[in-house]
Amino acid sequence: MAAFNGGDFDRESELKSFDETKAGVKGLVDSGITKVPQIFIQTPDHDFSQAEGDLDLPIINLMGFNSDPVRRKEIVKEIREASRTWGFFQVINHEIPVTVLREMRDGARRFFDQDQEVKKKWYVTDSTKNIFYNSNVDLSSTLAVRWRDSFHCRMAPDPPNPQQLPPPCRDILIDYSKKVTELGCSLFELISEALGLDSRYLKDIGCADGLATICHYYPPSPQPELTIGARKHADNDFLTVLLQDHIGGLQFLHRNQWVNVPFVPGALVVNIGDLLQLISNDELMSAEHRVVSNGVGPRVSVACFFTTGMVATGKIFEPIKELLSEEKPAKYRATTMKEFVQHSHSKVFDKSSMLHFRI
């Protein structure tokens, strides 16, 4: 396999060569490269400092949220504070068994560990497909290629035929996505109450209608200081639930500092998406985040995004009227999920895409 380390750098040619292998970044690492190909070399974020030590990212214990009214009020208060101040929090006692979390991570790894000739049949760079595997969906951009491979499944609103899913992770993808959907519905209830709304409000307007489950594989980098697993971005959905492993690398931006999201055994990471910020009229805030590369690994994570993506549902989303007043007028115009996602893609998920929807 070519290592793309020639003397004269022809970006377009190297991108084409890399894409045509359909082997992803894992294929490069498996080939034994010792230097990072130039298409992956990224410019570091010089605008933000690294937080000194790990700040105390909220860990919310969901135990009793459905059975103890007093505890539920406490949980709602914790979620309100975390969603306004951090945009990120972790949840424990979320009712998804540890055995299921472990099997989902293992299933993701089994997919990426398949023989390349078998794995290739899912390779496609068209991100509108329901199921696809690739390294980067935006190879045509001028940005550095991310040091990761991904397998994407849209599980709702149009769930795939189980036979379309890869055998190494078929059963667990279906089971895990179902359990995360149940957790997401519970979280939307609690967030609705945190906003002072009826508990079913966010679910009733369609926040839980769609789910995209994406398995990410971040191979160890021979020069981690030169590569980035995921560039700085904000999620263009309502809510994201992330299963990560012990390798680390996920960071989010808090008060102009990059904060590490620590691995907590049995926990799931939850973050507010841009569209939830929009409909809450900035009562809840999304946070930009990234994944830095490691020299160890691989790092495996599974992200579940509550979004209908590019599916045209006809639903309109705008700042919730119950949250508006003369003192708090609407800050954003109405949009559809499809328009919102299309625009954020054009901005490569940059947080500035929110400005397009400001009134």
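For the structure itself, consult the block above.
One structure accompanies this document, and this report is about it. The model shown is predicted, which means the values in this text are computed figures rather than measured ones.

**Considering the overall build of the chain**
Counting its secondary structure elements, the chain contains nine helices and 15 strands. Taken over the C-alpha trace, the chain has a radius of gyration of 20 Å; the compact-globule value for 359 residues is 21 Å, and the two agree within 12%. For the chain, the spread of C-alpha atoms along the principal axes amounts to about 60 × 45 × 40 Å. Within the chain, buried positions represent 54% of all 359 residues. Put simply, 77% of the contacts in the chain that link residues at least 6 apart link residues at least 24 apart. Accessible surface computed for the chain: about 15,800 Å², of which carbon and sulfur atoms make up 49%. Side chains of the chain carry 41 positive and 48 negative charges; the gap between the two charge centres is 2 Å.

**A word on the sheet that holds strand β3 (residues 88-92)**
Strands sit in the order β2-β3-β11-β8-β13-β6-β5-β4 across an open sheet of eight strands; the sheet is mixed. The sheet is open, and its two edges are formed by β2 (59-61) and β4 (131-134), each paired on a single side. Going from strand to strand, the sheet's axes swing by 20 degrees on average, the running direction of each strand aside. Running at roughly 160 degrees to β2, helix α3 (residues 69-85) makes contact with β2, β3 and β11 (268-272) of the sheet.

**Structural notes on the packing of α3 against helix α6 (residues 170-194)**
For the pair α3 and α6, the least separation of the axes is 9 Å and the interaxial angle reads 80 degrees. Relative to α6, the element α3 is oriented roughly perpendicular. Here R72, I75, V76, I79 and R80 of α3 lie close against α6, whose contacting residues are L187, E189, L190, I191, E193 and A194. Grouping the constituent residues of the contact of α3 with α6 by class yields seven nonpolar, no polar and four charged.

**So, the pattern of salt bridges**
Enumeration according to the criterion identifies 20 salt bridges in this entry. R72 serves as the salt-bridge partner of E193, at 2.7 Å between the closest nitrogen and oxygen. Taken together, the positions of E193 in helix α6 and R72 in helix α3 put the pair 121 residues apart, joining distant regions of the chain. Among the ionic pairs, D113 bridges to R109, the shortest N-O distance being 3.9 Å. You can call R109 partly exposed: its relative accessible area is 38%. Counted as one network, the salt bridges with shared partners bring together K26, D30, R109 and D113.

**Concerning the side chain of T307**
Mapping T307 onto the fold places it in the loop between β13 (299-306) and β14 (316-317). Beyond its immediate sequence surroundings of up to four residues, T307 is in contact with A156, G210, L211, A212, D237, M337 and V341.

**Section: the state of the cysteines**
Enumeration over the complete set of coordinates arrives at zero disulfides. A disulfide-free cysteine, C207 has its sulfur positioned 10 Å from the sulfur of C185, the nearest such atom. Left without a disulfide partner, C215 is nearest to the cysteine sulfur of C169, which lies 5.8 Å away.

**Considering the pairing of strand β10 (residues 257-260)**
Looking along a regular strand, one sees the side chains alternate between the two faces of the sheet. Pairing geometry for strand β9 (residues 250-254) and β10, over four bridges, is antiparallel. Looking across to β10, one finds that F252 is bridged to V259. Between β9 and β10, which pair antiparallel one after the other, the connecting turn spans two residues, and R255 there sits at a positive phi close to 50 degrees.

**Side note on helix α4 (residues 98-112)**
Here α4 spans 22 Å end to end across 15 residues, near enough to the 21 Å set by a 1.5 Å rise per residue. All of the buried residues in α4 are V100, L101, M104, G107, A108, F111 and F112. What you see down the axis of α4 is that its buried residues fit within an arc of 135 degrees, all on one side.

**Quick word on the packing of aromatic side chains**
Per the counting criterion, the structure on display carries 14 aromatic pairs. Ring centres of F111 and F112 lie 5.1 Å apart, and the angle between their planes is 85 degrees; on these two criteria the pair is classed as edge-to-face. Accessibility expressed as a relative area gives 1% for F111, which makes it buried. Taken together, a centroid distance of 5.8 Å and an interplanar angle of 65 degrees make the contact between F111 and W122 edge-to-face. Here the residue F111 occupies a position in helix α4, and W122 occupies one in the loop between α5 (116-119) and β4, the gap between them amounting to 11 residues. Here the aromatic residues F111, F112, W122, Y123, Y133, F151 and Y217 are joined through ring pairs into a cluster of three or more.

**Some thoughts on the nonpolar core**
Ranked by internal contacts, the top residues of the largest apolar core, which has 70 residues, are F151 and Y176. With 11 residues, α6 is the largest single contributor of residues to this core. Membership of the second largest hydrophobic core comes to 17 residues, among which are F88, A212, A287 and V291.

**Here we look at the side chain of R231**
By the element assignment, R231 lies in strand β7 (residues 228-233). The class for R231 is buried, based on a relative accessible area of 16%.

**Overview of the packing of α4 against α6**
In helix packing, the relevant descriptors are the interaxial angle and the interaxial distance, both defined with respect to the helix axes. One way to put it is that α4 packs onto α6 with a least axis distance of 10 Å and a crossing angle of 135 degrees. Here α4 lies oblique to α6, going by the angle between them. Crossing of α4 against α6: the hand is left-handed. When α4 is examined against α6, the residues V100, L101, E103, M104 and G107 are found in contact with a partner set consisting of I172, L173, D175, Y176 and K179.

Cut-offs applied
Residues numbered from 1 in each chain as written. Predicted model: local features only at pLDDT ≥ 70, side-chain atom pairs only at ≥ 80, totals over all residues. Heavy atoms only, no water. Helix = DSSP H or I, 4+ residues; strand = E, 2+ residues; numbered from the N terminus. Rg over C-alpha atoms; globule rule 2.2 N^0.38 Å. Buried < 20%, exposed > 50% of the residue type's maximum accessible area, 1.4 Å probe, protein only. Contact = heavy atoms within 4.5 Å. Areas by Shrake-Rupley, 256 points an atom, 1.4 Å probe, with all protein chains shown as cover. Lys, Arg positive; Asp, Glu negative; His and termini not counted. Charge placed at Lys NZ, Arg CZ, Asp CG, Glu CD. Pairing = 2+ DSSP bridges. Axes fitted to C-alpha atoms, helices over the stretch in contact; angles between N-to-C directions. Parallel < 35°, antiparallel > 145°, perpendicular 65-115°, else oblique. Nonpolar A, V, L, I, M, F, W, Y, C, P; charged D, E, K, R; others polar. Salt bridge = Lys/Arg side-chain N within 4 Å of Asp/Glu carboxyl O. Disulfide = S-S within 2.5 Å. Expected span 1.5 Å × (residues − 1). Arc of directions from axis to C-beta. Phe/Tyr/Trp six-rings, centres within 6.5 Å; stacked < 30°, edge-to-face > 60°. Core = buried A, V, L, I, M, F, W, Y, C linked by side-chain atoms within 4.5 Å. Left-handed = near helix turned anticlockwise from the far one by under 90°.

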